[in-house]
Amino acid sequence: MSWSLLDALRNKPDIVRESLRKRRMDVSIVDKFLELDSKWRSLKAEIDELRHRHNVITKEVSKLSGAERERKIMEAKELLNEIQKKEEELEGVERERERVLRSIPNLVHESVPYNCPEGVDAIPVRFYGTPKVWVGHIKEFKDQTERFGFNVPYETIDWRPIGHADMLEIVLGMGDTLKAGEVAGSRFYYLFDDLVMLDMALIATPSIT
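Being a predicted model, the structure only gives us computed values, none of them experimental.

1. Focus: the overall build of the chain
- If you tally the helices and strands in the chain, you get eight helices and four strands.
- Taken from N to C terminus, the helices and strands of the chain fall in the order α-α-α-α-β-α-β-α-β-α-β-α.
- In terms of its C-alpha atoms, the chain occupies a principal-axis envelope of roughly 100 × 50 × 40 Å.
- Classification of the 209 residues of the chain by burial places 22% in the buried group.
- Counting only contacts in the chain whose residues sit at least 6 apart along the sequence, the fraction spanning at least 24 positions is 53%.
- Computed over 33 positive and 38 negative side-chain charges, the inter-centroid distance for the chain is 7 Å.

Dropping the structure here:
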């Protein structure tokens, strides 16, 4: 997990909350992480203090004798048991803290727009070039541009564009993706006739750099 996110959670949690709002996620996860992180650091400090006390007693034992020595040895054993329990608790808190931390996505840049209208997944930022719009899609095109305040010039075409898959199978009849998908799974295709030779030629032709 990025240390920049960890630093933001600890020192600037409001930035993380705002990022989660932009992603339409529950911001309470930030408080959950901070609670676990605080508990983790508290337990870590307790364990460090217990280890220090154990080290001090261990050094004292070598200088003692008799009942006092036995008492110190017993105290050291009790500290070891307490340290073991605290370490087990720390491991559980650490696992949960890491799980929560990994569920928080990277921070969204401040320039990213949000609060999309109902039913809209994203807001366009800008358009490039002059789109060619089929006459049957002009209404949809205007709705997708003008509703966000864009007046995009476009070129009307009277023929409906055909996707590459439909061109391959329906128009040219030189491929089959459905049957290939049944045989080998998705993202696979069969090629026929001259298209096979063209594909082989392209593979055999060395690239020019």
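2. Considerations on the pattern of salt bridges
- Enumeration over the complete set of coordinates arrives at 17 salt bridges.
- The salt bridge involving Arg17 is made with Asp14; its shortest N-O contact spans 2.7 Å. Of the two residues, Arg17 and Asp14 are both situated in helix H2 (residues 13–22); the distance of three residues between them amounts to about one turn of the helix.
- With relative accessibility at 16%, the residue Arg17 sits in the buried group.
- For Asp14, a relative accessible area of 54% translates into the label exposed.
- Where salt bridges share partners, they join Glu60, Glu68, Arg71, Lys72 and Glu75 into one cluster.

3. Digging into the nonpolar core
- Leu9, Val16, Leu20, Ile29, Val30, Phe33 and Ile104 are the most contacted members of the largest nonpolar core, which has 18 residues in total.
- Contributions of two or more residues to this core are made by helix H1 (3–11), H2, helix H3 (28–61) and helix H4 (66–102).
- Beyond its immediate chain neighbours, meaning those up to four positions away, Phe33 contacts Leu6, Leu9, Arg97, Val100 and Leu101.
- Formed by six residues, the second largest nonpolar core is a distinct cluster that contains Leu50, Ala76, Leu79 and Ile83.

4. As for the environment of Asp176
- Take Asp176: it is sitting in strand E3 (residues 175–176).
- Residue class for Asp176 comes out partly exposed when judged on its relative accessible area of 22%.
- For the pair Asp176 and Val108, spaced 68 residues apart in sequence, the C-alpha to C-alpha distance is 41 Å.
- If we ignore the near neighbours within four places in the chain, the residues touching Asp176 are Glu169, Tyr189, Tyr190 and Phe192.

So, how was this worked out
Residues numbered from 1 in each chain as written. Predicted model: local features only at pLDDT ≥ 70, side-chain atom pairs only at ≥ 80, totals over all residues. Heavy atoms only, no water. Helix = DSSP H or I, 4+ residues; strand = E, 2+ residues; numbered from the N terminus. Buried < 20%, exposed > 50% of the residue type's maximum accessible area, 1.4 Å probe, protein only. Contact = heavy atoms within 4.5 Å. Lys, Arg positive; Asp, Glu negative; His and termini not counted. Charge placed at Lys NZ, Arg CZ, Asp CG, Glu CD. Salt bridge = Lys/Arg side-chain N within 4 Å of Asp/Glu carboxyl O. Core = buried A, V, L, I, M, F, W, Y, C linked by side-chain atoms within 4.5 Å.

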